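This is what each chain is made of:
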Amino acid sequence: MNLFCGWHDVGLSEEGEWDALEVSAAALKRENMRYDIAFTSCLRRANQTLEVILKELNLTGIPVRQLWRLNERHYGALTGFNKRQMADIYGEEQVQVWRRSFNIPPPAIEPTNPYYHAIKNNPRLRHINEQDFPTTETLETTMERVVPEWTDSIIPEVRAGKRVLVVAHGTSLRGLVKHIQDADIMKFNLPNSIPFIIDFDESMKMVGSIRFLANDETVLKAMEKVASIGGK
């Protein structure tokens, strides 16, 4: 499908269901990962992924917190459209700037967008204050909502000695990684579905580097796929 999903609340595709089970859950199961609490967004695809993982790890009884600030970045007027189609209209360079830059937003979503009203009226999102409800976002503005949630909701659980699982989205997680290790975000891509582990010391400083639960070749290929505009 290769779409700019953003806040368009689609469920997992067949491929997404396979990835959740055979990539995400399988990798965590191989590592015998255990968790005390899980955080996810308010979007269905993240919740469905988390459900698959917790079922496979026999952890369906742990607390789960759904936080809208962990939602994927809002892609504005690009929402719901094919990435290659948008590149053909706006130019591949412009679309890549919108996708990968830190602070250059795509045009805001308008009521004429076929998904505008479904997003605004989504029961999962109705608790969001009107002034907080975005019409487009950059990585910078996504971080402005994600990082405080990390600081206020997730880090206290880590400080308390909890083993924390976060299941979110490419850009919201990319923003957290930039915050944690100050990565060169224009060049940094998170592979879809491949879990990664970040360890912290007692002062909440990152210990070592990100550890992906896959071999280097698999991770590199997945990163390249994320970076690409892709075909139709």
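Numbers given to residues run from 1 along each chain, matching the order in which its sequence is written. Local features in this predicted model are restricted to residues of pLDDT 70 or higher, and side-chain atom pairs are both shown and tallied only at a pLDDT of 80 or more, whereas totals for entire chains, interfaces and linings draw on every residue. As a rule here, side-chain values cover all heavy atoms of the structure and leave hydrogens and water aside.

As annotated in an unreviewed UniProt entry, the protein carries the name phosphoglycerate mutase (2,3-diphosphoglycerate-dependent) and comes from Anopheles sinensis. What the UniProt record of the protein gives under Sequence similarities (unreviewed entry) is the line "Belongs to the phosphoglycerate mutase family. BPG-dependent PGAM subfamily." UniProt positions are given in the numbering used here, feature names are shortened, and annotations may be inferred rather than shown by experiment.

Bringing the state of the cysteines into the picture now. Two cysteine sulfurs form a disulfide in these notes if their separation is within 2.5 Å. Within this structure, the stated rule accounts for 0 disulfides. Distance from the sulfur of cysteine 5, which forms no disulfide, to the nearest cysteine sulfur (cysteine 42) is 17 Å.

Next up on the list: the UniProt feature "site: Transition state stabilizer" (unreviewed entry) in the protein. UniProt records the feature "site: Transition state stabilizer" (unreviewed entry) for His169 in the present numbering. Helix and strand labels come from DSSP, where a helix needs a run of H or I of at least four residues and a strand needs a run of E of at least two; each type is numbered from the N terminus. For histidine 169, the location among the structural elements is in the loop between strand 3 (164-167) and helix 7 (170-181). Throughout, a residue-residue contact means that at least one pair of heavy atoms, one from each residue, lies within 4.5 Å. Non-local contacts of histidine 169, meaning those with residues more than four positions away in its chain, are made with Ser41, Leu43, Arg45, Ala46, Leu70, Asn71, Glu72 and Arg174. A polar atom in the side chain of histidine 169 sits 2.8 Å from the side chain of serine 41. By the criterion applied in these results, polar contacts are pairs of N or O atoms within 3.5 Å in which, for protein atoms, one can donate a hydrogen and the other can accept it, and in which residues neighboring in sequence qualify only through two side-chain atoms.

So, about the packing of helix 6 (residues 139-159) against helix 7. Geometrically, a packed helix pair is captured by the angle between its two axes and the distance between the axes. The angle between two axes is taken between their N-to-C directions and runs from 0 to 180 degrees, where each axis is a line fitted to C-alpha atoms and a helix contributes only its stretch in contact. Running from N to C, helix 6 and helix 7 point in directions that differ by 75°, and their axes come no closer than 9 Å. One element, helix 6, and the other, helix 7, form an angle in the roughly perpendicular class. Where helix 6 approaches helix 7, its residues Leu139, Thr142, Met143, Val146, Val147 and Trp150 are matched on the opposing element by Thr171, Ser172, Arg174, Gly175, Leu176, Lys178, His179 and Ile180. Under the scheme applied, nonpolar residues are Ala, Val, Leu, Ile, Met, Phe, Trp, Tyr, Cys and Pro; charged residues are Asp, Glu, Lys and Arg; polar residues are all the others, including Gly. The residue inventory of the contact of helix 6 with helix 7, partitioned by class, reads 7 nonpolar, 5 polar and 2 charged. Just so you know how the angles are binned, under 35 degrees is roughly parallel, over 145 roughly antiparallel, 65 to 115 roughly perpendicular, and the rest oblique.

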